[in-house]
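Coordinate analysis (summary)
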Amino acid sequence: MTLSGGLSRPGERDRPIIKFSEIDWTLCLVLALIAGAGALMLFSIAGGSWEPWADKHLLRFGIYFILMIVLALVDLRVWFSLAYPIYGVGLLLLVAVALVGDSSLGAQRWLAVGPVRFQPSEIMKIGVVLALARYYHGLSADSARLSWKLLIPAALIGAPVLLVAHQPDLGTAMLIALPGLAVMVLAGLSLRLIAVGAVGVLAALPPFIFFVLHDYQRNRILTFMDPEKDPSGNGYHIMQSKIALGSGGLLGKGWGLGSQSQLNFLPEKQTDFIFATLAEEFGFVGCVSVLFLYGVAIFMALRIASISHSHFGRLSAAGVTATFALYVLINGAMVMGMAPVVGVPMPMLSYGGTVMLTVMVGFGLVQAVRVHRYTEVTSGKGSLM
């Protein structure tokens, strides 16, 4: 395909040049600001040093930013054709994890290929969204609303969720399942079926918690309900996080002056609980400012989804945005003691290359939907209408 100005308008023939101006550079700036805020916090947490976290955080963002731009220029039909293969490869890798994966801290979540060690579950956060978007692209409205054909997307979601939950990694399983369900809802799932499903989930929660979860997962949930019962054990993370949040007040103690992080009272201060460090040093104003940036990124990504002329483009961009939003929601709730500790980082703010890569690849897909928003993907052998 060849494009003029980064897209092909209805009725026009393709031309050879893609313009970088079609990329949403404002969204790129917002992502850069969030990553920059993360680097500032990592610099502070390390006692005013770029090492060992801030320098790697910025380097990774720079590399992944270039990757995002490259992926933004990939034709939407290429994303469409790779949707099922990406899902299939990700599923096979999850099976490989269950059979020969590396274990650490009681969890078997990684595959090692030479010196490279990675989590295949991260692939599925994009793979499930792509596979569902492709499936629903060729499905009629009636079938998407209520039909036996809904068993297929349920299986597409359920297979990786079960494999990831078995590792065990409940947080990642949620970040695969919930965006997948969001795609199903946006595709036109019956409200009656949604209501029945919600009631079923609520009814299944107690037996799931007490008979299915591992002991440490169950303890996290019970501790979340009353962390004061075990302040030096399972409740330690939440208690220290709440202290950091409350001590920051309106404007915070100042950059580099957070006692909870600087004196190592706050656990996982560079990853899962970096938002608590932000609250302590920059207060309520700092937290609201960063959350505003997240809100802007989510709004802009959803707007891109809404202007796509392709059903595949709309659903894939919306699904990726749902994943990003859930990262923010779950981590924020966890840090504030409103949700159990499940090991979900704050995207772009927390230290960690795997999550940042997943997020930036996702936004590369969102940008591709914008650049190729007039591209109409067909379900059959044809390619462009």
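Residue positions are given per chain, counted from 1 along the sequence in the order it is written. This being a predicted model, a pLDDT of at least 70 is required before a residue's local features are given, and a value of 80 or more before pairs of side-chain atoms are given or counted; all residues contribute to the totals for chains, interfaces and linings. As a rule here, side-chain values cover all heavy atoms of the structure and leave hydrogens and water aside.

Details of helix α1 (residues 25–45)
Here α1 is 21 residues long and its end C-alpha atoms lie 30 Å apart, about the 30 Å a rise of 1.5 Å per residue gives. By the criterion applied in these results, polar contacts are pairs of N or O atoms within 3.5 Å in which, for protein atoms, one can donate a hydrogen and the other can accept it, and in which residues neighboring in sequence qualify only through two side-chain atoms. Numbered from the N terminus, helices here are DSSP runs of H or I no shorter than four residues, and strands are runs of E no shorter than two. Where α1 starts, the residue carrying a side-chain oxygen 3.2 Å from the main-chain nitrogen of Thr26 turns out to be Asp24. Looking one or two places after α1, you find Gly47, whose phi comes out positive at around 75 degrees. Each helix should span, by expectation, one fewer than its residue count multiplied by 1.5 Å.

Notes on the environment of Ala98
Within the fold, Ala98 resides in helix α3 (residues 76–100). Sequence separation between Ala98 and Asn331 is 233 residues, and the spatial gap between their C-alpha atoms is 27 Å.

Some thoughts on the sheet that holds strand β1 (residues 102–104)
Hydrogen bonds between backbone atoms are what pair the strands of a sheet, whose relative direction is either parallel or antiparallel. Taken in spatial order, the three strands line up as β1-β2-β3 in an open sheet, and their pairing is antiparallel. Both outer strands of the open sheet, β1 and β3 (116–118), are each paired with one neighbouring strand and no more. Neighbouring strand axes in the sheet, compared pairwise and without regard to direction, differ in orientation by 40 degrees on average. For two strands to be treated as a pair, DSSP must find no fewer than two bridges joining them. As paired strands, β1 and strand β2 (residues 107–113) are joined by three bridges and run antiparallel to one another. If you follow Ser103 over to β2, its bridge partner there is Gln108. Geometry is summarised by axes, namely lines fitted to C-alpha atoms with helices restricted to the contacting stretch, and by angles between N-to-C directions that run from 0 to 180 degrees.

That's the geometry; what it means functionally is another story.
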